[in-house]
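# An overview of the molecular structure
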Amino acid sequence: CCYFDWADVLYMPFYGQSREQWVKTDICLKTKVSDIAVDQIKYLGSGVRGYSSAPFFTPERYSEVIADIKKNIGDCGVIYTLMDSTSSRYFTQMQLIARFQDWLYDQKITIADVSGIVHKFRRTKENHEINLIYKASQITSLAMQAAAKNIKSGKYEYQIQAFIEYVFKESANADPAFASIVATGKNTTILHCNDRNTKLHADDLVVVDIGAEYGFYSSDLTRTFPVAGKFSVRQKEVYDIVLQTQKHIEALAVPGMYLNNANDPTRSLHHQAVKFLDKHGYSKYFVHGIGHFLGLDVHDVGSNELALQPGDVFTIEPGLYIPEENIGIRIEDDYAMAEDGVVCLSGDLPKSTDDIENMMGK
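Residues numbered from 1 in each chain as written. Predicted model: local features only at pLDDT ≥ 70, side-chain atom pairs only at ≥ 80, totals over all residues. Heavy atoms only, no water.

The 3 strands are arranged 12-15-16 in an open sheet whose pairing can be described as antiparallel. Two strands bound the open sheet, and with one partner strand each, they are strand 12 (313-316) and strand 16 (341-344). Within the sheet, the average angular offset between the axes of one strand and its neighbour, ignoring direction, is 45 degrees. Pairing analysis gives 4 bridges linking strand 15 (residues 333-338) to strand 16, with the strands arranged antiparallel. For Y335, the partnering residue across the bridge sits in strand 16 and is C344. (Pairing = 2+ DSSP bridges. Helix = DSSP H or I, 4+ residues; strand = E, 2+ residues; numbered from the N terminus. Axes fitted to C-alpha atoms, helices over the stretch in contact; angles between N-to-C directions.)

Another aspect to go through is the layout of surface pockets. Roughly 540 Å³ of internal volume is contained in the second largest pocket. Surrounding the second largest pocket, 25 residues form its lining, F293, D300, V301, G302 and S303 being those nearest its centre. The residue makeup of the lining of the second largest pocket, split by class, is 6 nonpolar, 14 polar and 5 charged. (1 Å grid on protein atoms, 1.4 Å probe; cavity = no way out; pocket = protein on both sides within 12 Å on 5 of 7 lines; lining within 4 Å. Points joined across faces, edges and corners; volume = space filled by probe spheres on them. Nonpolar A, V, L, I, M, F, W, Y, C, P; charged D, E, K, R; others polar.)

Here we come to the environment of Y335. Here Y335 shows up in strand 15. Given the relative accessible area of 0%, Y335 is considered buried. Apart from residues lying up to four places away in sequence, Y335 is in contact with Q246, E250, D312, V313, F314, T315, I316, V342, V343, C344, L345 and K351. Only 3.0 Å separates the side chain of Y335 from the side chain of E250, close enough to count as a polar contact. (Buried < 20%, exposed > 50% of the residue type's maximum accessible area, 1.4 Å probe, protein only. Contact = heavy atoms within 4.5 Å. Polar contact = N/O pair within 3.5 Å; in protein donor to acceptor, adjacent residues only side chain to side chain.)

In this section: the packing of helix 6 (residues 127-150) against helix 10 (residues 353-360). At a minimum axis separation of 7 Å, helix 6 and helix 10 run at an interaxial angle of 75 degrees. With respect to helix 10, the element helix 6 is oriented roughly perpendicular. For the pair formed by helix 6 and helix 10, the contact residues are Q145, A148 and K149 on the first element and N358, M359 and M360 on the second. For the contact of helix 6 with helix 10, the residue count by class is 3 nonpolar, 2 polar and 1 charged. (Parallel < 35°, antiparallel > 145°, perpendicular 65-115°, else oblique.)

A word on empty space enclosed by the protein. Taken as a whole and assessed by the stated rule, the structure comprises 1 cavity of 30 Å³ or more. By volume, the largest cavity amounts to about 70 Å³. Y15, G16, R19, C28 and L29 are the residues nearest the centre of the largest cavity, which is lined by 12 residues in total. Residue assignment for the lining of the largest cavity shows that the elements contributing at least two residues are strand 2 (7-15) and helix 1 (19-22). In terms of residue count, the dominant contributor to the lining of the largest cavity is strand 2 (3 residues). Considering only residue class, the lining of the largest cavity consists of 7 nonpolar, 3 polar and 2 charged.

Of the two faces of strand 14 (residues 327-330), the one lined by I327 and I329 and the one lined by G328 and R330 are each fully buried. Relative to strand 14, strand 13 (residues 319-322) runs antiparallel, the two being bridged by 4 bridges. Bridging from a neighbouring strand, L320 pairs with I329 of strand 14. Once strand 13 ends, the chain turns through 4 residues before running back antiparallel as strand 14, passing N326 with a positive phi of about 55 degrees.

Once that is clear, we can look at the pairing of strand 12. Residues V313 and T315 of strand 12 are buried on one face, and the alternating residues F314 and I316, pointing to the opposite face, are buried as well. Sheet analysis places strand 12 next to strand 15, joined by 4 bridges and oriented antiparallel. Pairing of T315 across the sheet is with D334, part of strand 15.

For the structure shown, the criterion picks out 14 salt bridges. Here R223 makes a salt bridge to D333, at a shortest N to O gap of 2.9 Å. Of the two residues, R223 sits in strand 11 (residues 221-226) while D333 sits in strand 15, which places them 110 residues apart along the sequence. D333 matches R223 in its accessibility class, with the two residues each being buried. One salt bridge connects D240 with K236, and the closest N-O pair in it is separated by 3.0 Å. On the criterion of helical spacing, the pair formed by D240 and K236 is a turn pair, its members being 4 residues apart in helix 8 (residues 233-252). (Salt bridge = Lys/Arg side-chain N within 4 Å of Asp/Glu carboxyl O.)

As structure tokens, this is what we get:
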């Protein structure tokens, strides 16, 4: 969608009516501008056969956009767009903009990145957005409890994943916000292990890192379970350190702190987590950040250079990974920042060792 001084224009592929027989779409040739709050709809290039448009960046396909830019921006004008080169999320956009620069070379168009402005608005959530993330977290909690009941020796990781994603669909027609992680044995020490083919054994743990998407908003929760239904003495020792770390960081999380800022480690939740674990001799086994922003993406936009403020939603997820012992433990919850500290959106999901064992019902 482009915004000119005189109009908001939505550009879309020139699909034929037959596309509606192939896929359900909210925008088609029958769509009126009043239906989607723009001033004008324009179609790109000649008609597209079939129901999908190949991502070919040709001047013929984008001739309407090029003509409007020349008409409304002219020489030495500025195009404001999302061009954050630090993230892969805008890769296609950046490729298209590079082509526009070639096609509009004579106009000497300047490209201005406004991703920082958009990210700032996206980062601070309104109440209705927090409610959607809360609902997504509740769906995820239901799925986590279903997983707990079905974890037992002899099953495979993919079978536990199947229970989880069944609950997503059955309870709210929700999809995973990201590829569900179910990892046992050595796989618990691999942060994003995704082969799902390992059998569960009684002496091992299972890390379940999952999140449902609801109303386009994501959740992200992690619990660690003993396959046998009871933690060993050593597993419980490490688990309790991880849980203590999360509780410690949760207490520190107030407006003015940072998620992760090396320039101000005293106010950085990540650096405070490392410091806490270092006192217990475990910091070398903590190999990832303490958390990330959460919203329309599971790893949502937001700068760690800006202090946390009310309306921010993020995870707190300490973890310890000890490959030589086949022990990987992560505990992750979703939080919303309020005026005086954080509110845990997933606080009803058990996480003490006793509660985990009770949840498994063994």
